Amino acid sequence: MDAVDSVNAVDSVNAVDSVDSLGVAVVGFGWMGRVHSQAYARVRHHYPQLALRPRLVTVAEEVPGRAEEAADQFGFTATTRDWREVVADPRVRAVSITAPNFLHREIGVAMAEAGKHIWIEKPVGLTPEDARAVADAVAKAGVQGTVGFNYRNAPAVETARDLIASGELGTVTHVRVRLFSDYAAHPDGALTWRYERERGGSGVLGDLASHGADLARFLLGDIASLTADTAVFVPERARPTGATAGHSRAAGGELGPVENEDYVNCLLRFASGARGVLEACRVSVGEQNNYGFEVHGTKGAVFWDFRRMNELGVSRGTTYQDQPVSTVYVGPGDGEFGAFQPGAANAMGYDDLKVVEAYRFLRSIAEGAPHGATLADAVHSATVLEAMTRSAQSRSWVDVHP
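All of the points below concern the structure found in this document.

### A few points about the packing of aromatic side chains
Note on aromatic pairs: each is described by the distance of the centres and the angle between the planes.
Part 1: In total, this model carries 13 aromatic pairs according to the counting rule given.
Part 2: An angle of 45° between the planes, with centres 6.0 Å apart, marks the rings of tryptophan 119 and phenylalanine 361 as tilted. Highlighted residues: tryptophan 119 in strand β5 (residues 117-120) and phenylalanine 361 in helix α10 (residues 350-367), separated in sequence by 242 residues. Neither tryptophan 119 nor phenylalanine 361 differs from the other in exposure class; each is buried.
Part 3: Here a set of aromatic residues connected by ring pairs shows up, and it is made of Trp31, Tyr151, Tyr291, Phe293, Trp304, Phe306 and Tyr350.
Part 4: It is arginine 161 that lies over the ring of phenylalanine 218; its NZ or CZ is 4.1 Å from the centre.
Part 5: Directly above the aromatic system of tryptophan 397 lies the positively charged group of arginine 269, at a separation of 3.8 Å from the ring centroid.

Okay, here's the thing in structure tokens:
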């Protein structure tokens, strides 16, 4: 090694030593806990300038053996079946909360009060009061709180937002947001916590429509009022006989009632005067992650489909009638695309959106200021979902009160 190489090697070591190691924990190791762990493992590969280096300290999971499997695969140094041990662990400075919805409030408040930054999955509890309780605890403790509204992190979505804000589409007149999936379409799908009011809260509202409410607000601003209709299309499911993860099957088990909605459609009125339609369904046979939006303005329109995540359909100009739609591929100048791919039309995927989310969470901690979706965004989404529930029950228009 010559003198120049020696200096470069020393500089490289010093650069690594100057990065702050941040002890993190993951509470709840189902599919989403795995996604968060992968994001922590990848984040500095894509963002080498990040001032924090996440270090996987503890994984908490009550299902026997699952935490140990996670530790073996991802390198967590400790495991526990009781998330309260994470609260008391001084090595842990930040926590991913990927446990079921009914635990969000208790865990989120406890972690924030212990001075730990939190990255929590939507919908942040079962009610707007749950989301506010976590938001208040985060604010009072002076820690950072990031929420898992990952679809807003797609570079194409951020580009669409910029197009709308620039006025290139004219005045926005209406939007359609759709979230159709078949993950609950099979009649043998297990009756897990997701289908119970007490533990899952609302059904497709909290699972998919929460993303739709966030996307609508991210693109067009606050929703002022709405009217909604909901339905349950698979009224009974079999109870599982053991631990489940994701959307497991349970054929032949004891049947129990599905207590929350499979489907919602909703008419929206935005504070800006724009109108909208939001529709979500978890039992749509033939639909796999058909998520997207269409935004129309007085001069143009923009279209996005999650299944073609890195493309936008854009119509702009002065033709108005018979105006064409062009396909635009996002590239390194759009959102966080450049951290993943060197040129337009190279694909990003779902897991990349969670890496973006991890980066923004860690950047928020490093800089002491929020980046990305916050607990305030979760409260707004929860109030929209609560308004949908009230409207479906009363069969009337209701105001949204953030």
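### Some remarks on the sheet that holds strand β6 (residues 145-147)
Part 1: If you trace the six strands from one edge of the open sheet to the other, you get β3-β2-β1-β4-β5-β6, paired in parallel fashion. With partners counted over all chains shown, the strands left at the sheet margins are β3 (78-80) and β6, one partner each. Here the strands of the sheet are splayed against their neighbours by 25° on average, with no regard to which way each runs.
Part 2: Bridge count between strand β1 (residues 20-27) and strand β4 (residues 94-97): four bridges; the pairing is parallel. Of the residues in β4, the one forming a bridge with alanine 25 is valine 95.
Part 3: Against the sheet, helix α2 (residues 31-46) touches β1, β2 (52-60), β4 and β5, its axis set at about 155° to β2.

### A short note on the packing of helix α5 (residues 104-113) against helix α6 (residues 128-141)
The relative placement of two packed helices comes down to the angle between their axes together with the axis-to-axis distance.
Part 1: Where α5 contacts α6, the two axes come as close as 8 Å, and the packing angle between them is 5°. Here α6 runs roughly parallel to α5, going by the angle between their axes. Facing α5, whose interface residues are His104, Arg105, Gly108, Val109 and Ala112, α6 presents Glu129, Asp130, Ala133, Val134, Ala137, Val138 and Ala141.
Part 2: In terms of residue class, the contact of α5 with α6 is built from seven nonpolar, two polar and three charged.

### Observations concerning the pattern of salt bridges
Part 1: If you walk through the whole model with that rule in mind, you get 28 salt bridges.
Part 2: For arginine 91, the salt bridge goes to aspartate 89, with nearest N and O atoms at 2.8 Å.
Part 3: You can call aspartate 89 buried: its relative accessible area is 11%.
Part 4: A salt bridge links arginine 282 to aspartate 262; its shortest N-O distance comes to 2.7 Å. Residue arginine 282 is found in the loop between β12 (275-281) and β13 (290-297), and its partner aspartate 262 is found in the loop between β10 (255-257) and β11 (263-270); the two are separated by 20 residues along the sequence.

### Side note on the environment of leucine 163
Part 1: Its place among the elements puts leucine 163 in helix α7 (residues 155-166).
Part 2: We classify leucine 163 as buried; its relative accessible area is 8%.
Part 3: Counting along the chain gives 58 residues from leucine 163 to glycine 221, while the straight-line C-alpha distance between them is 14 Å.
Part 4: The residues contacting leucine 163, other than those within four sequence positions of it, are Glu168, Leu169, Val302, Val314 and Arg316.

### Regarding the pairing of β4
Part 1: Residues Ala94 and Ser96 line one face of β4 and the alternating positions Val95 and Ile97 line the opposite face, and both faces are buried.
Part 2: Here four bridges tie β4 to β5, and the two strands are oriented parallel to one another. Following the sheet pairing, alanine 94 is matched in β5 by histidine 117.
Part 3: Handedness of the β-α-β unit built from β4, α5 and β5 comes out right-handed.

### Section: the pairing of β12
Part 1: Here strand β7 (residues 172-180) runs beside β12; their pairing, made up of seven bridges, is parallel. Bridging from a neighbouring strand, leucine 179 pairs with alanine 280 of β12.
Part 2: Here β11 runs beside β12; their pairing, made up of seven bridges, is antiparallel. Bridged to leucine 268 within β12 is glycine 276.

### Details of α6
Part 1: For α6, built from 14 residues, the straight-helix expectation of 20 Å at 1.5 Å per residue is met to within 8% by its first-to-last C-alpha distance of 20 Å.
Part 2: When we look at burial in α6, the residues that qualify are Pro128, Asp130, Ala131, Ala133, Val134, Ala135, Ala137 and Val138.
Part 3: On its buried face, α6 sits against α5, β5, β6 and α11 (375-394).
Part 4: Positioned one or two residues after α6, glycine 142 has a phi angle of 75°, which is positive.

### Remarks on the packing of α2 against α10
Part 1: It is the contact of α2 with α10, at a shortest axis distance of 8 Å, that shows an interaxial angle of 70°. One finds that α2 runs roughly perpendicular with respect to α10. Once α2 is placed against α10, the crossing between them reads as right-handed. Each of Trp31, Met32, Val35, His36, Gln38, Ala39, Tyr40, Arg42, Val43 and His46 in α2 lies in contact with α10, whose residues at this interface are Tyr350, Asp351, Asp352, Lys354, Val355, Ala358, Tyr359, Phe361 and Leu362.
Part 2: Of the residues in the contact of α2 with α10, the class split is twelve nonpolar, three polar and four charged.

Thresholds, definitions, all that
Residues numbered from 1 in each chain as written. Predicted model: local features only at pLDDT ≥ 70, side-chain atom pairs only at ≥ 80, totals over all residues. Heavy atoms only, no water. Phe/Tyr/Trp six-rings, centres within 6.5 Å; stacked < 30°, edge-to-face > 60°. Helix = DSSP H or I, 4+ residues; strand = E, 2+ residues; numbered from the N terminus. Buried < 20%, exposed > 50% of the residue type's maximum accessible area, 1.4 Å probe, protein only. Lys NZ or Arg CZ within 6 Å of the ring centre and 35° of its normal. Pairing = 2+ DSSP bridges. Axes fitted to C-alpha atoms, helices over the stretch in contact; angles between N-to-C directions. Contact = heavy atoms within 4.5 Å. Parallel < 35°, antiparallel > 145°, perpendicular 65-115°, else oblique. Nonpolar A, V, L, I, M, F, W, Y, C, P; charged D, E, K, R; others polar. Salt bridge = Lys/Arg side-chain N within 4 Å of Asp/Glu carboxyl O. Right-handed = clockwise from strand over helix to strand, strands pointing away. Expected span 1.5 Å × (residues − 1). Left-handed = near helix turned anticlockwise from the far one by under 90°.

Geometric values such as these leave the question of function open.
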